[in-house]
Amino acid sequence: MGRFSPKTLDLDGKVILVTGGTGSFGRRFIETVLRRSDPRKVIVYSRDELKQSDMQLELREQFDEATYGKLRFFLGDVRDRERLTLALRGVDIVIHAAALKQVPAAEYNPSECIHTNVLGAENVVWASLNNHVKQVVALSTDKACNPINLYGATKLASDKTFVAANNLSGDIGTRFAVVRYGNVVGSRGSVVPLYKRLLAQGATELPVTDARMTRFWITLNQGVEFVLSSLEIMRGGEIFVPKIPSMTMPDLVKAMSPAAGVKIVGIRPGEKLHEMMISADDARATVELEDRYVIEPTFVEYPRTPFRGEAGTKDVAEGFSYSSDSNDDWLSEDGLNAMLAEKA
Ligand SMILES: NC(=O)c1ccc[n+]([C@@H]2O[C@H](COP(=O)([O-])OP(=O)(O)OC[C@H]3O[C@@H](n4cnc5c(N)ncnc54)[C@H](OP(=O)(O)O)[C@@H]3O)[C@@H](O)[C@H]2O)c1
């Protein structure tokens, strides 16, 4: 259990569907839930049959027969509203993790990214409302805040779709919230596995696009705990942002290999020098809790008690923004190595 872990969340008897359940996040989320609680059913919803059958093989080894028997593997695309609607029958909780997330691929294939990330989000909302799902948590990214690339822009559109969906649920009462965080150490396609691979191949220099670049860092387990605790405290319409440390890219290289040099290769299209999770404009709607910030919804036409003003919360300062360069929490080499030591 870590600092973002839920306190009293009870998933026993619940039916949970995870879109993108075979991805880095989805898989760790499902393993955690199966280990910790006794849900009635956990449904994986994703497209690729090979990833699903690999996951089946591996989870069959990890869990006893009764626990493994709670899993269902549903092939389907979030772009396919009918299929998603079928998959969501009888579901209590949806965790929406399916996405296209490679920045260069999204720049080159914008409509593919829009179809999955934006229309997919709309389909999740639609299918959840039609199946009277109780709670939906959608994963977002720091790239959705003041986006400069198509990936970030689609995730911002997705965030807005989920926040606004609370106004559509009427008597059904489905509640939607968003979780937004930064780079996940070691997730598929990220820089840490790339550096590990290059070091294993004997590289003496690691590529960094700009020496000034900073990023927010979180582990996969922390991401899973943060989603679980956000599910526990959500009221509908929030964007939950964890308090996590930053590191410069050259410091990341040094922590991973003190002997390796840094090769500056130039900033890539669609890349920012620093990432932001809460802009100064969003800060007006933001309250601070001990371990996270909550951006509260501003168009609320459904019953909801705001966090603002409650014990244990405080307003953020005028002009506040939460950015990876102005963060007051910086990751040390030891801190990064502890994160890297976590099971990938
Ligand atoms: N990794 C990070 O550093 C990071 C940071 C912040 C936020 N996030 C967010 O966290 C979420 C999960 O990321 P991740 O790292 O777990 O990604 P991932 O490892 O790439 O997994 C993506 C999952 O989505 C599925 N998927 C993709 N397109 C789909 C579609 N059209 N319909 C149904 N399923 C689809 C994939 O399976 P198939 O290909 O088989 O369909 C896979 O299961 C994403 O929303 C991402 O934006 C990630």
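Residues numbered from 1 in each chain as written. Predicted model: local features only at pLDDT ≥ 70, side-chain atom pairs only at ≥ 80, totals over all residues. Heavy atoms only, no water.

Undergrad: Hey, could you go over the overall build of the protein chain for me, with residue numbers and the actual values?
TA: Helix and strand counts for the protein chain come out as 12 helices and 17 strands. Taken over the C-alpha trace, the protein chain has a radius of gyration of 20 Å; the compact-globule value for 344 residues is 20 Å, and the two agree within 12%. Across the 344 residues in the protein chain, those meeting the buried criterion constitute 54%. Of the roughly 15,600 Å² of accessible surface on the protein chain, 52% is carried by carbon and sulfur atoms. Measuring between centres, the 42 positive side-chain charges of the protein chain sit 3 Å from its 45 negative side-chain charges. (Helix = DSSP H or I, 4+ residues; strand = E, 2+ residues; numbered from the N terminus. Rg over C-alpha atoms; globule rule 2.2 N^0.38 Å. Buried < 20%, exposed > 50% of the residue type's maximum accessible area, 1.4 Å probe, protein only. Areas by Shrake-Rupley, 256 points an atom, 1.4 Å probe, with all protein chains shown as cover. Lys, Arg positive; Asp, Glu negative; His and termini not counted. Charge placed at Lys NZ, Arg CZ, Asp CG, Glu CD.)

Undergrad: Outline the packing of helix α1 (residues 24-36) against helix α2 (residues 49-62), listing residues and values.
TA: The N-to-C vectors of α1 and α2 enclose an angle of 25°; their axes lie 12 Å apart at closest approach. In terms of orientation, α1 lies roughly parallel with respect to α2. As for the relative orientation of α1 and α2, their crossing is right-handed in sense. Taking contact as the criterion, the partners of R27, I30, E31 and R35 in α1 are, on α2, M55, E58, L59 and Q62. Split by residue class, the contact of α1 with α2 holds 3 nonpolar, 1 polar and 4 charged. (Axes fitted to C-alpha atoms, helices over the stretch in contact; angles between N-to-C directions. Parallel < 35°, antiparallel > 145°, perpendicular 65-115°, else oblique. Left-handed = near helix turned anticlockwise from the far one by under 90°. Contact = heavy atoms within 4.5 Å. Nonpolar A, V, L, I, M, F, W, Y, C, P; charged D, E, K, R; others polar.)

Undergrad: So what's going on with the site of the ligand? Residues and values would help.
TA: The environment of the ligand is formed by 28 residues, the closest being T22, D48, K51, K101 and Y151. Here an oxygen atom of the ligand sits 2.7 Å away from a polar atom, N or O, in the side chain of R47. Residue Y151 places a side-chain N or O atom 2.6 Å away from an oxygen atom belonging to the ligand. Summarising the interface, the protein chains cover 94% of the accessible area of the ligand, which totals 890 Å² for the free molecule. (Near = heavy atom within 4 Å. Polar contact = N/O pair within 3.5 Å; in protein donor to acceptor, adjacent residues only side chain to side chain.)

Undergrad: Describe the pattern of salt bridges, naming the residues involved and giving the relevant values.
TA: It is possible for side chains of opposite charge to pair when their charged atoms get near one another. Taken as a whole and judged by the stated rule, the model has 23 salt bridges. A salt bridge links E333 to K254; the nearest nitrogen and oxygen atoms lie 3.9 Å apart. With E333 in helix α12 (residues 333-341) and K254 in helix α10 (residues 249-256), this pair connects stretches of sequence that are 79 residues apart. Of the charged contacts in the structure, one is a salt bridge between D315 and R308, with a shortest N-O distance of 2.8 Å. Residue class for D315 comes out partly exposed when judged on its relative accessible area of 47%. What you see here is one network of salt bridges that share partners, running through R27, R28, E31 and E58. (Salt bridge = Lys/Arg side-chain N within 4 Å of Asp/Glu carboxyl O.)

Undergrad: For the packing of aromatic side chains, give the residues involved together with the corresponding values.
TA: Following the criterion strictly, the structure yields 9 aromatic pairs and no others. Each ring, one from F162 and one from F176, has its centre 6.3 Å from the other, and the planes form 40°; the classification is tilted. Of this pair, F162 sits in helix α7 (residues 150-165) while F176 sits in strand β6 (residues 175-181), and the two are 14 residues apart along the sequence. A single burial state applies to F162 and to F176, both of which are buried. When the centroid spacing of 6.5 Å and the interplanar angle of 15° are considered together, the rings of F320 and Y322 count as stacked. Among the aromatic residues, ring-to-ring pairing joins F216, Y293, F320 and Y322 into one connected group. Over the ring of F307 we find R235, and its NZ or CZ is 3.8 Å from the ring centre. (Phe/Tyr/Trp six-rings, centres within 6.5 Å; stacked < 30°, edge-to-face > 60°. Lys NZ or Arg CZ within 6 Å of the ring centre and 35° of its normal.)

Undergrad: Explain the nonpolar core to me, and be specific about the residues and the numbers.
TA: Counting 75 residues, the largest nonpolar core has F25, F29, I30, I95, F162 and Y322 as the members making the most contacts within it. Residue contacts for Y322: discarding those within four places in its chain leaves F216, V241, P242, K243, I244, M276, M277, I278, Y293 and N327. (Core = buried A, V, L, I, M, F, W, Y, C linked by side-chain atoms within 4.5 Å.)

Undergrad: Please give an account of the environment of M249 that cites residues and values.
TA: For M249, the location among the structural elements is in helix α10. For the pair formed by M249 and G2, sequence separation is 247 residues and the distance between their alpha carbons is 25 Å. If sequence neighbours within four positions are ignored, M249 has contacts with V191, Y195, V208, M213, R215 and W217.

Purely spatial values, then, with no claim about function.
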